[in-house]
Amino acid sequence: MCFSPQIDDYKKTTPTLDLKEFYAGDLKAHGVARNWRGKVVRKFQADVSGTSTDGHLTLHEFFTYDDGRTFKRQWDIKEEATDQSEGNNLTGTGADIFGQLIGKSRGCAAQLCYTLKIPSKKSKRGFSTLTVDHWQYKIDETHVLHFLKLKKFGFTLINSTVMFTKV
């Protein structure tokens, strides 16, 4: 489902991204979504609050888009240390996730792979799905930069870039 680069390429990079630590508390996110031609088709910001308990991270996100629409999302992510103590394996769920999120974190990076449910009146199920290859890179103690590729039938439809900032 997910492609290069490989998460293990980041094992020895710093600063180390600990999802439970970074996302605990209040954050702001600002981002853009670009279509397959590279044109910005949506700008957004989000208020994010996270709680971390016993290896579980819960994120509450409230998005406001440039057209005035809003969207709420909740993520529940579990981290499990790897045998090599070089990072963590990740699993998770969300209301708009079809199935389960899987991922890994190594050094300054995390990679999440999941299938996103998008509401669709054309689908008999009431939603369509997009495969997401979601990378995060810790820049410093207050910033994590996200790059997402949303694909359908192997073709990238949307590239999204989002900066999360601790407040």
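Residues numbered from 1 in each chain as written. Predicted model: local features only at pLDDT ≥ 70, side-chain atom pairs only at ≥ 80, totals over all residues. Heavy atoms only, no water.

Peer 1: Just checking my understanding: could you explain the overall build of the protein for this structure?
Peer 2: Across its full length, the protein carries 1 helix and 10 strands. If you list the helices and strands of the protein from N to C, you get α-β-β-β-β-β-β-β-β-β-β. By the compact-globule yardstick of 15 Å for 167 residues, the protein fits well, its C-alpha radius of gyration being 16 Å. The principal-axis extents of the C-alpha atoms in the protein amount to approximately 45 × 35 × 30 Å. The buried share of the protein, taken over its 167 residues, is 42%. The contacts in the protein between residues at least 6 apart in sequence include a share of 39% that link residues at least 24 apart. When the accessible surface of the protein is summed, it comes to about 9600 Å², and 54% of that surface belongs to carbon and sulfur atoms. If the 25 positive side-chain charges of the protein are averaged to one point and the 19 negative ones to another, these points end up 12 Å apart. (Helix = DSSP H or I, 4+ residues; strand = E, 2+ residues; numbered from the N terminus. Rg over C-alpha atoms; globule rule 2.2 N^0.38 Å. Buried < 20%, exposed > 50% of the residue type's maximum accessible area, 1.4 Å probe, protein only. Contact = heavy atoms within 4.5 Å. Areas by Shrake-Rupley, 256 points an atom, 1.4 Å probe, with all protein chains shown as cover. Lys, Arg positive; Asp, Glu negative; His and termini not counted. Charge placed at Lys NZ, Arg CZ, Asp CG, Glu CD.)

Peer 1: I tried to follow the pairing of strand β1 (residues 25-35) on my own but got confused; where do I start?
Peer 2: The side chains of a regular strand alternate between both faces of the sheet. Alignment of β1 against strand β2 (residues 40-53), held across 10 bridges, turns out to be antiparallel. Bridge pairing in β2 links Gly31 to Phe44. The hairpin formed by β1 and β2 contains 4 residues between the paired strands, and Gly38 there has a positive phi angle of roughly 95°. In the sheet, β1 pairs with strand β10 (residues 155-166) via 9 bridges, with the strands oriented antiparallel. Among the inter-strand pairings, Arg34 is bridged to a residue of β10, identified as Asn159. (Pairing = 2+ DSSP bridges.)

Peer 1: Can you help me understand the environment of Pro119 in this one?
Peer 2: Along the chain, the position of Pro119 falls in strand β7 (residues 109-119). For the pair Pro119 and Asp96, spaced 23 residues apart in the sequence, the C-alpha separation amounts to 9.2 Å. With residues up to four places along the chain from it excluded, the contact list for Pro119 reads Gly126 and Phe127.

Peer 1: Looking at this model, I keep getting lost on the sheet that holds strand β5 (residues 87-94). Mind explaining?
Peer 2: Strand pairing within a sheet occurs via backbone hydrogen bonds; the two strands may be parallel or antiparallel. In space, the 10 strands of this closed barrel follow the order β1-β2-β3-β4-β5-β6-β7-β8-β9-β10, with antiparallel pairing throughout. Here the average twist between neighbouring strands, direction ignored, is 25°. Pairing between β2 and strand β3 (residues 56-65): 10 bridges, direction antiparallel. Looking at the pairing, Gly50 lines up with Leu59 of β3. (Axes fitted to C-alpha atoms, helices over the stretch in contact; angles between N-to-C directions.)

Peer 1: Explain the packing of aromatic side chains to me, please; I cannot follow it from the model alone.
Peer 2: Here the structure, examined in full by the defined rule, presents 12 aromatic pairs. Linked through ring pairs, Tyr10, Trp135, Tyr137 and Phe147 together constitute an aromatic cluster. One cation-aromatic arrangement involves Lys117 over Phe127; the distance from NZ or CZ to the ring centre is 5.3 Å. In this structure, Lys166 is placed above the aromatic ring of Phe22, and the distance from its NZ or CZ to the ring centre is 5.2 Å. (Phe/Tyr/Trp six-rings, centres within 6.5 Å; stacked < 30°, edge-to-face > 60°. Lys NZ or Arg CZ within 6 Å of the ring centre and 35° of its normal.)

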